[in-house]
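So the chains spell out like this:
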Amino acid sequence: MRLKKGLMISAIAVVGLLGLSACAADSGTTDPDVVVPEFEAGTTMAELADAGKITIGTKFDQPLFGLKGPSGDPVGFDVEIGKIIAASLGISEDNIEWKETVSANRESFIENGTVDIVIATYTINDTRKEVISFAGPYYNAGQDICVLADNPEGITGPEDLAGKDVCSVAGSTSEKNIAEYDVKLITTDAYSACLEPLRSGKVVAVTTDNVILAGLADQNAGEFEVLSNPFTEEPYGIGLGLNDDAFRDYINDVLEASYSDGSWDAAWNETAGTVLKLPTPPAVDRYSN
């Protein structure tokens with residue numbers, strides 16, 4: 001399978017940006033249209049490009065960002081960002097292994113080598129940066145609240161949830177944020193699993209990032225309502241091995257190239273953009289460890 005035109009443009013742009021030469025020799029790809037840049041020996045980029053394959057952890061249950069499609073592979077904005085990164089390494093879509101990754105195992109999957117990178121609605125925070133590194137952010141979300149359609153409880157913000165049953169995902173930033181409002185927290189391993197408790201009245205609300213809630217509400221039209229009143233900022237990053245600074249810098253370069261060449265916009269419009277307006281991409285944070 002050949003790379004989509006937009007992904008090829010992104011790959012070529014990054015090669016030019018980094019001043020890298022391209023060749024198709026000694027790589028794991030057999031596609032003559034794939035640009036395979038040369039990298040410094042010993043870097044993660046060189047290892048992945050030479051192997052011609054990459055394993056990416058992402059969500060399989062979050063509409064618009066990472067949802068398992070009819071083929072068995074996930075689709076969504078996070079997935080398209082992963083394809084852009086893979087393309088820049090000369091890796092075709094067919095040579096991406098998608099690994100289902102939930103909130104609770106993202107760090108461990110990176111630490112134990114189950115995946116090469118994680119792109120999974122993954123909020124950058126200082127606690128996580130103690131065990132892994134982040135490239136990005138590539139999108140800024142905000143935590144919001146989802147209730148039953150017509151909002152029978154009259155909830156307007158997190159303060160209205162004190163003492164009430166609320167569902168979120170274990171190990172997520174959302175869980176920690178909402179716990180500060182003295183709610184009675186019920187946790188699951190996936191946000192989609194919070195919908196049935198909301199339907200049945202076991203909980204009065206589900207809380208996580210606004211874009212995740214928007215996708216779930218869109219998939220269940222007429223049942224749920226998102227307040228559209230975010231109360232946090234959630235910068236989504238790409239998780240990778242701790243202190244792999246060369247790889248982190250490279251991914252940041254790829255992201256910035258995708259902002260300028262239009263492939264980031266195209267990825268959004270084909271996925272999350274079917275429901276949400278096109279945002280302005282955030283500036284990447286080239287933080288020091």
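Conventions and cut-offs
Residues numbered from 1 in each chain as written. Predicted model: local features only at pLDDT ≥ 70, side-chain atom pairs only at ≥ 80, totals over all residues. Heavy atoms only, no water. UniProt positions renumbered as here; feature names shortened; annotations may be inferred. Helix = DSSP H or I, 4+ residues; strand = E, 2+ residues; numbered from the N terminus. Buried < 20%, exposed > 50% of the residue type's maximum accessible area, 1.4 Å probe, protein only. Areas by Shrake-Rupley, 256 points an atom, 1.4 Å probe, with all protein chains shown as cover. Disulfide = S-S within 2.5 Å. Pairing = 2+ DSSP bridges. Salt bridge = Lys/Arg side-chain N within 4 Å of Asp/Glu carboxyl O.

Under an unreviewed UniProt entry, the protein has the name Amino acid ABC transporter substrate-binding protein (PAAT family) and belongs to Salinibacterium amurskyense. Under the heading Sequence similarities (unreviewed entry), UniProt records this for the protein: "Belongs to the bacterial solute-binding protein 3 family."

A.B. asks: Give a detailed account of the overall build of the protein, specifying residues and quantitative values.
C.D. replies: The helix and strand inventory of the protein stands at 9 helices and 13 strands. Across the 289 residues in the protein, those meeting the buried criterion constitute 53%. Accessible surface, the protein as shown: approximately 12,000 Å² in total, 47% of it carbon and sulfur.

A.B. asks: Tell me about the state of the cysteines, residues and numbers included.
C.D. replies: If you walk through the whole model with that rule in mind, you get 1 disulfide. Of the cysteine sulfurs around cysteine 146, a residue in no disulfide, the closest is that of cysteine 194, at 9.8 Å. With relative accessibility at 2%, the residue cysteine 146 sits in the buried group.

A.B. asks: Just give me the short version of the sheet that holds strand β2 (residues 61–62), but keep the residues and values in it.
C.D. replies: Strand order in the open sheet made by the 3 strands is β2-β3-β4, with antiparallel pairing throughout. Each edge of the open sheet carries a strand with a single partner, namely β2 and β4 (74–75). Relative to β4, strand β3 (residues 66–68) runs antiparallel, the two being bridged by 2 bridges. Of the residues in β4, the one forming a bridge with lysine 68 is proline 74.

A.B. asks: Explain the pattern of salt bridges to me, using residue names and the numbers behind them.
C.D. replies: Across all of its chains, the model carries 10 salt bridges by this definition. Here glutamate 107 makes a salt bridge to arginine 128, at a shortest N to O gap of 3.7 Å. Of this pair, glutamate 107 sits in helix α4 (residues 106–111) while arginine 128 sits in the loop between β6 (117–118) and β7 (132–141), and the two are 21 residues apart along the sequence. Grouping residues by exposure puts glutamate 107 and arginine 128 together as buried. In this structure, a network of salt bridges that share partners links the residues Glu80, Lys83 and Glu93.

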